[in-house]
Amino acid sequence: GAVVSQHPSWVICKSGTSVKIECRSLDFQATTMFWYRQFPKQSLMLMATSNEGSKATYEQGVEKDKFLINHASLTLSTLTVTSAHPEDSSFYICSASGDWNYNEQFFGPGTRLTVL
Amino acid sequence: TQLLEQSPQFLSIQEGENLTVYCNSSSVFSSLQWYRQEPGEGPVLLVTVVTGGEVKKLKRLTFQFGDARKDSSLHITAAQPGDTGLYLCAGEDYGQNFVFGPGTRLSVLP
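Source: prediction; values computed, not measured.

> Looking at this model, I keep getting lost on the overall build of chain A. Mind explaining?
A count of helical and extended segments in chain A gives zero helices and eleven strands. For a compact globule of 116 residues, the expected C-alpha radius of gyration is about 13 Å, and chain A comes in at 13 Å, within 12% of that figure. The buried share of chain A, reckoned over its 116 residues, is 53%. Contacts in chain A between residues far apart in sequence, at least 24 positions, make up 55% of those at least 6 positions apart. Only carbon and sulfur atoms are counted for the fraction: they give 53% of the accessible area of chain A, which is about 5,700 Å². Taking the average location of the 9 positive side-chain charges in chain A and that of its 10 negative ones, the two points are 9 Å from each other.

> It is not clear to me how the interface of chain B and chain A should be interpreted in this structure. Could you clarify?
Tallying the contact residues gives 20 residues for chain B and 19 residues for chain A. Roughly 1,500 Å² of surface becomes buried between chain B and chain A when both sides are summed, with 53% attributable to carbon and sulfur atoms. There are zero salt bridges connecting chain B and chain A. The tally of links between chain B and chain A comes to five residue pairs in polar contact (both at pLDDT 80 or more). For the side of chain B that touches chain A, the secondary-structure elements that each account for two or more residues are β4 (31-37), β5 (44-49), β9 (85-92) and β10 (98-100) of chain B. In terms of residue count, β4(B) provides more of the side of chain B that touches chain A than any other element does, four residues in total. The class makeup of the residues in the side of chain B that touches chain A is nine nonpolar, eight polar and three charged.

> Quick question: what am I supposed to make of the pairing of strand β9 (residues 90-97) of chain A here?
The side chains of a regular strand alternate between both faces of the sheet. Residues and elements named next belong to chain A. Counting buried positions along β9 yields eight of eight residues, so the element is predominantly enclosed. Pairing of strand β4 (residues 32-38) with β9, which is carried by seven bridges, proceeds in the antiparallel orientation. The partner of W35 across the bridge, within β9, is C94. Here three bridges tie β9 to strand β11 (residues 111-115), and the two strands are oriented antiparallel to one another. Residue F91 lies in a different strand from β11, and its bridge partner there is R112. For β9 and strand β10 (residues 106-107), the ladder comprises two bridges, and the chain directions are antiparallel. Each bridged residue has a counterpart across the sheet, and for S95 the counterpart in β10 is F107.

> Quick question: what am I supposed to make of the packing of aromatic side chains here?
Aromatic ring pairs are described here by two measures, namely the spacing of the ring centres and the angle between the planes. Tallied over the entire structure, the rule returns nine aromatic pairs over all chains. Ring centres of F28(A) and F106(A) lie 6.2 Å apart, and the angle between their planes is 65°; on these two criteria the pair is classed as edge-to-face. Here the residue F28(A) occupies a position in the loop between β3 (19-25) and β4, and F106(A) occupies one in strand β10, the gap between them amounting to 78 residues. Judged by its relative accessible area of 7%, F28(A) is buried. An angle of 40° between the planes, with centres 5.7 Å apart, marks the rings of Y35(B) and F100(B) as tilted. Separated by 65 residues along the polypeptide, Y35(B) in strand β4 and F100(B) in strand β10 bring together distant segments of the chain. Put simply, the rings of F34(A), Y36(A), F107(A), Y35(B), F98(B) and F100(B) pair up and form one aromatic cluster.

> For this particular structure, what's the right way to read the side chain of S72(B)?
Residues and elements named next belong to chain B. On the secondary structure map, S72 appears in strand β8 (residues 71-76). A polar side-chain atom of S72 sits 2.9 Å from a polar atom in the side chain of W34. Each residue touching S72, except ones within four places of it in the same chain, is listed here: V21, Y22, C23, L32, W34, Q64 and F65.

> Even after reading the chapter, I still don't get the sheet that holds strand β8 (residues 76-81) of chain A, so can you show me in this structure?
Residue and element names in this part refer to chain A. With antiparallel pairing, four strands are arranged side by side in an open sheet as β1-β3-β8-β7. Of all the strands in the sheet, the pair left with one neighbour each is β1 (4-7) and β7 (67-73). Averaged over all neighbouring strand pairs, the angle between strand axes comes to 15°, with direction disregarded. Where β1 and β3 come together, four bridges link them in antiparallel fashion. In the sheet register, S5 faces β3, and the bridge partner there is R24.

Definitions and limits used
Residues numbered from 1 in each chain as written. Chains lettered and ligands numbered in written order. Predicted model: local features only at pLDDT ≥ 70, side-chain atom pairs only at ≥ 80, totals over all residues. Heavy atoms only, no water. Helix = DSSP H or I, 4+ residues; strand = E, 2+ residues; numbered from the N terminus. Rg over C-alpha atoms; globule rule 2.2 N^0.38 Å. Buried < 20%, exposed > 50% of the residue type's maximum accessible area, 1.4 Å probe, protein only. Contact = heavy atoms within 4.5 Å. Areas by Shrake-Rupley, 256 points an atom, 1.4 Å probe, with all protein chains shown as cover. Lys, Arg positive; Asp, Glu negative; His and termini not counted. Charge placed at Lys NZ, Arg CZ, Asp CG, Glu CD. Buried area = accessible area lost by both parts, 1.4 Å probe. Salt bridge = Lys/Arg side-chain N within 4 Å of Asp/Glu carboxyl O. Polar contact = N/O pair within 3.5 Å; in protein donor to acceptor, adjacent residues only side chain to side chain. Nonpolar A, V, L, I, M, F, W, Y, C, P; charged D, E, K, R; others polar. Pairing = 2+ DSSP bridges. Phe/Tyr/Trp six-rings, centres within 6.5 Å; stacked < 30°, edge-to-face > 60°. Axes fitted to C-alpha atoms, helices over the stretch in contact; angles between N-to-C directions.

See below:
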């Protein structure tokens, strides 16, 4: 149980385009989803926390107009990187937790974004 | 601001050796998780500890939560190449806020 998927697993796009990444909890209802960014050889950097049906809470320094997060259902959250630039290239990982495991996060496999 | 420190940052050992990784904070957490992450993949939850002084064992891995719930350790017995990866600890406060440590990168050489 507690499986989280992400799609796509990798994406290459041109500078200026927008990219949408999906995060799905496959076998549980995720009341809270988290979006992280990870640079090579570094730990996870929390970008935002989203609760189903509510606006996401962004960490300091994360542009909410650039990284649009939608958590429209208990099993799906999306992260849209708008007008992507090469500096947005990174490994993006989502995680999810539900009411039954509120003190645990289950991570997706990550999405590798490369902006040319 | 809650911070978690991990030590060592890097560890390279031979197969069969034992090792301990530490996770420390000045803050109290309601629970603490350990994850292992392999390159190009998401972190995988290994264990959650909740009670101060709690010890959990997962095959060759032993996890301990400090009595004051500010620190934790992960001990691996007879390390194997398959244990290679980035080990992350994460503390959770009572408001479902998670803080991740910087990680310990373990390399087990055959």
